[in-house]
Amino acid sequence: MYNLQRALSCVLHSSAYAVIVVTLVTGIAAGQIQNQPDDGQWLMPAKNYASTRYSTLDQINAANVGGLKLAWSFSTGLTHGHEAAPLIVNNTMYVVTPYPNNLYALDLTKPGAPMKWVFQPEPSPSSQGVACCDTVNRGAFYWNGKIIYNTLDVQTVAVDANTGKQVWKTKLGDINTGESITMAPIVAKGVVLVGNSGGEFGVRGWLCGLDADTGKIKWRAYGAGPDKDVLIGSNFKPFYQKDRGADLGVKTWPGDAWKIGGATAWSWISYDPQLDLFYYGTSNPGPWNPEQRPGDNKWGSSLFARRPETGEAIWAYQLSPHDLHDYDAVNENILLDLNINGQQRKVLAHPDRNGYLYIIDRATGEVLSAQTFGYVNTSEGVDLKTGLVKWNPTKQTGYHTIRDACPAPPGVKDWTPSAYSLKTGLIYIPHNNLCYESQATQANYIEGTPYVGMTVRMYPGPGGNRGVFSAWDPVQAKTVWSVNEMFPVWSGALATAGDVVFYGTMDGWFKAVDDRSGKELWRFKTGSGIIGQPVTYRGPDGKQYVAILSGVGGWAGGIVSGGLNAADGTGALGFSNAMADLGKYTTKGGMLYVFSLP
Amino acid sequence: MCSAFRSLFIALTIASGVFAQPAVLKVCADPNNLPFSNQQQQGFENKLADLIATNMNAKVEYTWWSQHKNFGKQSLNVGACDVVLGVTAGMQDVLTTTPYYRSTYVFVSRQDRGLQIKSLLDPQLATLRIGMHIVGDDFAPPAIALARQGITKNIVGFSLFGDYGEVNPPRKLIDAVASGDIDVAISWGPFAGYFAQQAKTPLVITPVTPAAFLGIPFAYDISAAVRQGNETLKAELDRILQTQSATVQRILAQYGIPQVQ
């Protein structure tokens, strides 16, 4: 994302204003946001700390969205996957690109939104060889006059939102060890929260807290290892017995395997200022072959609640103990206040890769409900008493062949963030419908070295459609409506008070649907497939705009952006097999599209 | 036209692949992965590339490409080069030459320990501290044989990529044996043979037995790879590797590459 500034005369005013905005608009959970006027800006990818991706703007609504027209566009000139959400602050739009992670600032006060400046962090070129699944970046965070974001080569940078000059830059890890960063940071209580990627390269996962003013590292919480490294102390109170005990991040692994066990933190973070807890999930444990890591492999595939100032863990819940299918727990946590069984509960809603949509008491970590939101046969339910998922023994991976295991490694849903409408009370979920087979391979090869691995092939699940966009009732714990899509829905979702929900498809359709029925109201064909995050804002002219980056790629779209061979179904860790025809429907290339009513 | 002239003409044509191309042998190689290759061209695959090129009256031109999954396939198939050396024979999605050597996974231990381990089924392995490379997201093949015997706790993983900012990341595994950090390494032969030559402590190298477990082989034929369909270049490489086999063997011996039949 980029960060631009507007007229100089606004600078002083805007800095002061920004502090208030962050406090009032982003610093509250969904239930409270309902009564706040939307300031028409977009300061973080998830819109607010509660991660609702819901805007109260309603100028564009179900009755008139059919007349939505392209207002202007902007090319990034890059061909890798564009997963970021643009930010809109003080009538400037900021866009972060995939590697080389340029930050563009566009002036919304002028016709066509001309570029104000571009900031080029120039990350190490070798980071491209290390990134697992395309060289994506999921966006930036606006905080106190600065645009803060991460670069692929494991650095966090703060850029002055007015001038485009670097304020600070901090190296958090080393690309040479297989680490990278693709996630968007958030800032809570003046602490920038950043986690690493690299679970496919035998790295040790961590989440860092940095001083947002200086970039200085305040703490680092590892995803595995002894309690002191995981920042587990006397205040750590997991809800379930299975997650209690000293040094489980060591004892649930064979030997020293935790040192290379993954459990990175490469995706979304939410924050509840009242409870003063932030929430995020960890990636799958490594190596892929579960026979070589007997045990629960904590804290892989787990959710954590921590304090932002110290990183101290307050509770944790491991969703997929001894993960067998690459089910990271990194998906978004939407913070909601819901009436569950007659009681008002502070919950988080977490649609997991393993196929369950968990409603969890966010103060304690108690699972209130966990129902499947897509087709699942790798497990047979979640026991709410023990918190344990019941794995299906006939779908256990290992050094043998399994077939028809659903969901495939990207899960019923991957990182693609959902939205929650305060008007309908529904969660809008972009997701997948993929199954897979996993076969032991004898002689794979890497740079002079034969090795044994699993050959994974993914293919469409029941019904033949690879993607679904659905509306979920978090109280009733059931799907209200769903729309089938040809390809996995790899974009984010946006909900608005205009009764319209937006999302994009990998074959390049940007769509508006009715939030109560799913009925399509409008569509626009973008130049490349969409894996970005839609946002909406009020322009300086008082009009409502909707913006989306197109530019196919990512893990799902790597077959196009990375030029992988369609004949090799095992490419992109087996995803290519399910995406062989994507190249017939779209080509690569990053472009921002901004829409409004005429 | 005399016949000698004709032969020369044909040879040059084959060597350059296509008429319009200059006599250049385009090779993809890792810039930091001895004993195989490095950017200073000190690896045995650098020497083999020179040998092949010389016999084609061509010059080697490198595309340096860091090691990662599908390195060979991706570099070859996007046209970054015409040849990748050192792939497993019969590898999918590429065309491989007749193998020019066969090596094996080996045990590496300090001579002064006198461990005498030859088998992956040796009961000593249950208690020794065993080092192995972790390759991407998987262990090297013998790890499966150990896991099936319940041996997982005493295995120490060393990333094959290691810290790529350091020189020859895979050597850490062999250094750990020499320093006593681990009791025994189970390593792909070429790493063991080469880095053991340079170790300050005498090390013993023994091929693992059995040669396969659960159908997983621990010894592999190694070939050069060209793009699928490039039969002309494959035939030329096969011819050179055959006629120059004595030189190939001398180079492999210089680098201490353990070979098996």
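Figured I'd write up the structure that's included with this text. Values in this document were obtained by computation on a predicted structure and should not be read as measured data.

## Describing the overall build of chain B
The secondary structure content of chain B amounts to eight helices and 15 strands. In chain B, buried positions account for 48% of the 261 residues. Of the contacts formed within chain B by residues at least 6 apart in sequence, a portion of 73% connects residues at least 24 apart.

## Points about unusual backbone geometry
A:Trp299 follows A:Lys298 through a cis peptide bond whose omega is 0 degrees. For A:Trp299, the location among the structural elements is in the loop between strand S16 (277-281) and strand S17 (302-306). The omega angle of the peptide bond from B:Thr209 to B:Pro210 is -10 degrees, so this bond is cis rather than trans. Here B:Pro210 is to be found in the loop between strand S12 (203-207) and strand S13 (212-213). Backbone geometry at A:Ala477 places phi at a positive 55 degrees, although glycine is not the residue there.

## A look at the packing of helix H2 (residues 44-55) of chain B against helix H8 (residues 245-254) of chain B
Residues and elements named next belong to chain B. The interhelical angle for the contact between H2 and H8, taken along N-to-C directions, is 160 degrees, at an axis separation of 10 Å. With respect to their mutual orientation, H2 and H8 come out roughly antiparallel. Note on packing geometry: the crossing formed by H2 with H8 is right-handed. Here Phe 44, Lys 47, Leu 48 and Leu 51 of H2 lie close against H8, whose contacting residues are Thr 247, Val 248, Ile 251 and Leu 252. Its residues placed into classes, the contact of H2 with H8 shows six nonpolar, one polar and one charged.

## Overview of the sheet that holds strand S35 (residues 520-525) of chain A
Residue and element names in this part refer to chain A. Strand order in the open sheet formed by five strands is S1-S32-S33-S34-S35, and the pairing between neighbours is mixed. Bordering the open sheet on either side are strand S1 (54-55) and S35, each of which pairs with just one other strand. Here two bridges tie strand S32 (residues 494-496) to strand S33 (residues 500-504), and the two strands are oriented antiparallel to one another. By the bridge assignment for S33, Leu 494 is matched with Phe 502.

## Description of helix H6 (residues 189-198) of chain B
Residues and elements named next belong to chain B. With eight of ten residues buried, H6 is to be regarded as a mostly interior element. Listed as buried for H6 are Gly 189, Pro 190, Phe 191, Ala 192, Gly 193, Tyr 194, Phe 195 and Ala 196. Buried residues along H6 sit against strand S7 (101-110), helix H5 (171-179), strand S11 (184-188) and S12.

## Brief notes about the sheet that holds strand S4 (residues 92-96) of chain A
Residue and element names in this part refer to chain A. Strands sit in the order S3-S4-S5-S6 across an open sheet of four strands; the sheet is antiparallel. Whereas interior strands pair on both sides, the edge strands pair on one side only; in this sheet they are strand S3 (87-89) and strand S6 (115-119). Ignoring strand direction, the axes of neighbouring strands in this sheet form an average angle of 20 degrees. Here strand S5 (residues 103-107) pairs with S6 via four bridges, running antiparallel. Residue Tyr 104 lies in a different strand from S6, and its bridge partner there is Val 118.

## Things to note about the environment of B:Gly79
All names here are of chain B. With respect to the secondary-structure elements, Gly 79 resides in the loop between helix H3 (71-77) and strand S5 (83-88). On the basis of neighbour count, Gly 79 is assigned to the exposed category, with 10 C-beta atoms found within 10 Å. Between the C-alpha atom of Gly 79 and that of Pro 210, which follows or precedes it by 131 residues, the distance is 39 Å.

## Topic: the nonpolar core
A:Ile147, A:Ile148, A:Val501, B:Val108 and B:Ile174 are the most contacted members of the largest nonpolar core, which has 247 residues in total. Ignoring sequence-local partners within four residues, the contact set of A:Ile148 consists of A:Ala140, A:Phe141, A:Trp143, A:Thr156, A:Ala158, A:Pro185, A:Val187, A:Val192 and A:Ala212.

## Some remarks on the environment of A:Leu494
Residues and elements named next belong to chain A. Tracing the backbone through its elements, the reader meets Leu 494 in strand S32. When the 28 C-beta atoms within 10 Å are taken as the criterion, Leu 494 is described as buried. Non-local contacts of Leu 494, meaning those with residues more than four positions away in its chain, are made with Arg 53, Ala 419, Val 501, Phe 502, Pro 534, Val 535 and Thr 536.

Conventions we followed
Residue indices follow the written sequence of each chain, beginning from 1 at its first position. To label them, take the chains in the order written and letter them from A, then take the ligands in the order written and number them from 1. For a predicted model such as this one, the threshold for reporting local features is a pLDDT of at least 70, and the threshold for listing and counting side-chain atom pairs is 80 or more; totals across whole chains, interfaces and linings nevertheless cover every residue. Think of it this way: any DSSP run of H or I at least four residues long counts as a helix, any run of E at least two long counts as a strand, and we number them from the N terminus. Put plainly, a residue is buried at 20 or more neighbouring C-beta atoms within 10 Å of its own, exposed at 12 or fewer, and partly exposed in between, counting only other residues' C-beta atoms, which are placed from the backbone. Note that contacts rest on C-beta atoms placed from the backbone: two residues are in contact if these are within 7 Å. Lines are fitted to the C-alpha atoms to define the axes, a helix being fitted only along its stretch in contact, and any angle between axes, read from their N-to-C directions, falls within 0 to 180 degrees. Should an angle fall under 35 degrees it is taken as roughly parallel, and over 145 as roughly antiparallel, whereas 65 to 115 is taken as roughly perpendicular and any remaining angle as oblique. Helix crossings get a hand from a simple test, with the near helix turned counterclockwise from the far one by less than a right angle marking a left-handed crossing and a clockwise turn marking a right-handed one. Any residue outside Ala, Val, Leu, Ile, Met, Phe, Trp, Tyr, Cys, Pro, Asp, Glu, Lys and Arg is labelled polar, Gly included; the first ten of those are nonpolar and the last four are charged. In this description, strands pair whenever DSSP reports at least two bridges between them. Defined on buried residues, the nonpolar core groups Ala, Val, Leu, Ile, Met, Phe, Trp, Tyr and Cys residues joined through C-beta atoms within 7 Å.

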